[in-house]
Every structure is written in C-alpha cells, then in structure tokens.
Amino acid sequence: MYEPIRTKSVHSTMAGTTSDFPHRSREEELDIQLAGHLAALLAVTDELRALAPAADLDTAAERLAEQVSRLRGGTTPVRMSVVPADDDALALHERAHALAGRALVVAASRADTAVAILAAEQMDVHAAALEPRELASR
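Residues numbered from 1 in each chain as written. Predicted model: local features only at pLDDT ≥ 70, side-chain atom pairs only at ≥ 80, totals over all residues. Heavy atoms only, no water.

A. The pattern of salt bridges, seen in detail. The full count for this structure, using the stated rule, is eleven salt bridges. Among the ionic pairs, Glu-62 bridges to Arg-79, the shortest N-O distance being 3.6 Å. Residue Glu-62 is found in helix α2 (residues 55–71), and its partner Arg-79 is found in the loop between α2 and α3 (89–110); the two are separated by 17 residues along the sequence. Salt-bridge contacts for Arg-70 lead to Asp-112; the nearest nitrogen and oxygen are separated by 2.6 Å. Here the residue Arg-70 occupies a position in helix α2, and Asp-112 occupies one in the loop between α3 and α4 (113–136), the gap between them amounting to 42 residues. On the accessibility criterion, Arg-70 (42% relative accessible area) is partly exposed. What you see here is one network of salt bridges that share partners, running through Glu-27, Asp-31, Arg-70, Arg-110 and Asp-112. (Salt bridge = Lys/Arg side-chain N within 4 Å of Asp/Glu carboxyl O. Helix = DSSP H or I, 4+ residues; strand = E, 2+ residues; numbered from the N terminus. Buried < 20%, exposed > 50% of the residue type's maximum accessible area, 1.4 Å probe, protein only.)

Here's what the structure looks like:
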C-alpha cells in the first residue's frame, strides 16, 4: 500500500541557506511599517492643508515629514502637489485619525516616544475635527 518516495524532493528546507537573501531585524521591519503609516498620514494632512489651510496643519506636516525622513535614513518623503477638488474634509479626518492610530500602535511597539507623542496628538486633532459629525448623528 505505501511506497516510499524514491526521488529527491523539490521542496527544500531553509537549513543552511539563510544567507541567500537579505534579512531584516524586527526593529527594521517596524521602522519600515511606521514610516509607511506616517507617510500616509502626511499625505492626508497635505490634502487637508490644500482644502483648508491652517498653521496647525502646516506644523503637523513638517513634524511628520521630519519623522518619516528620520525613519527612512534621511530620505525625504514625497509630498503632494496636486489635490483632487472633491475631497470630503470629514472623510479625510477619519482616515487621518485611523492612520495616526496605526502609527501610535507601531510606535508603542517600537518604543519610539517622539513618534508616539506625535501620533497621539494627531489622533486628538482629528478626533476633535470629527466631533461635530458625532453630535449631529445623536
């Protein structure tokens, strides 16, 4: 009933061949993930700045760009130059709040206090912008 396999397996184990491709440490992976969340938050912040310019948004965008640059080893993030005209500000605030929350979780996991504080501040800013919608739905 059972016949043993007589040919060499096409599947191989990783034993002994781990240097065939580059590996990243957990810290490097978290840096990449955190930089991605902050870059997405920066893009939404730039969209909000285009819809309703404000000094607070300008400051937040600069702080976000600085942190993204630090996490990417000095590479400056790409910034938006053209913004679609039909964006909903409340939807952008919702998206920004969610992105700031994700960044906060990764920053806490990574023990990056500066980014955690920045993300928490951005969550507060965008949550405050969403309050009128919450009050209207009650």
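Further notes follow.
B. Local environment of the side chain of Gln-122. As for its position among the elements, Gln-122 is in helix α4. The residues contacting Gln-122, other than those within four sequence positions of it, are Leu-41, Ala-60 and Ala-100. (Contact = heavy atoms within 4.5 Å.)

C. Fine view of the packing of helix α1 (residues 26–51) against α2. The contact between α1 and α2 brings their axes to 9 Å, and the two run at 155°. As judged from the angle between their axes, α1 and α2 are roughly antiparallel. Here α1 runs over α2; the crossing is left-handed. Contacts between α1 and α2 involve Asp-31, Leu-34, Ala-35, Leu-38, Ala-39, Leu-41, Leu-42, Thr-45, Asp-46, Leu-48 and Arg-49 from the first element and Leu-57, Asp-58, Ala-61, Leu-64, Ala-65, Gln-67, Val-68 and Leu-71 from the second. Class assignment of the residues belonging to the contact of α1 with α2 gives a composition of 13 nonpolar, two polar and four charged. (Axes fitted to C-alpha atoms, helices over the stretch in contact; angles between N-to-C directions. Parallel < 35°, antiparallel > 145°, perpendicular 65-115°, else oblique. Left-handed = near helix turned anticlockwise from the far one by under 90°. Nonpolar A, V, L, I, M, F, W, Y, C, P; charged D, E, K, R; others polar.)

Such coordinate-based values are descriptive only and should not be taken to indicate function.
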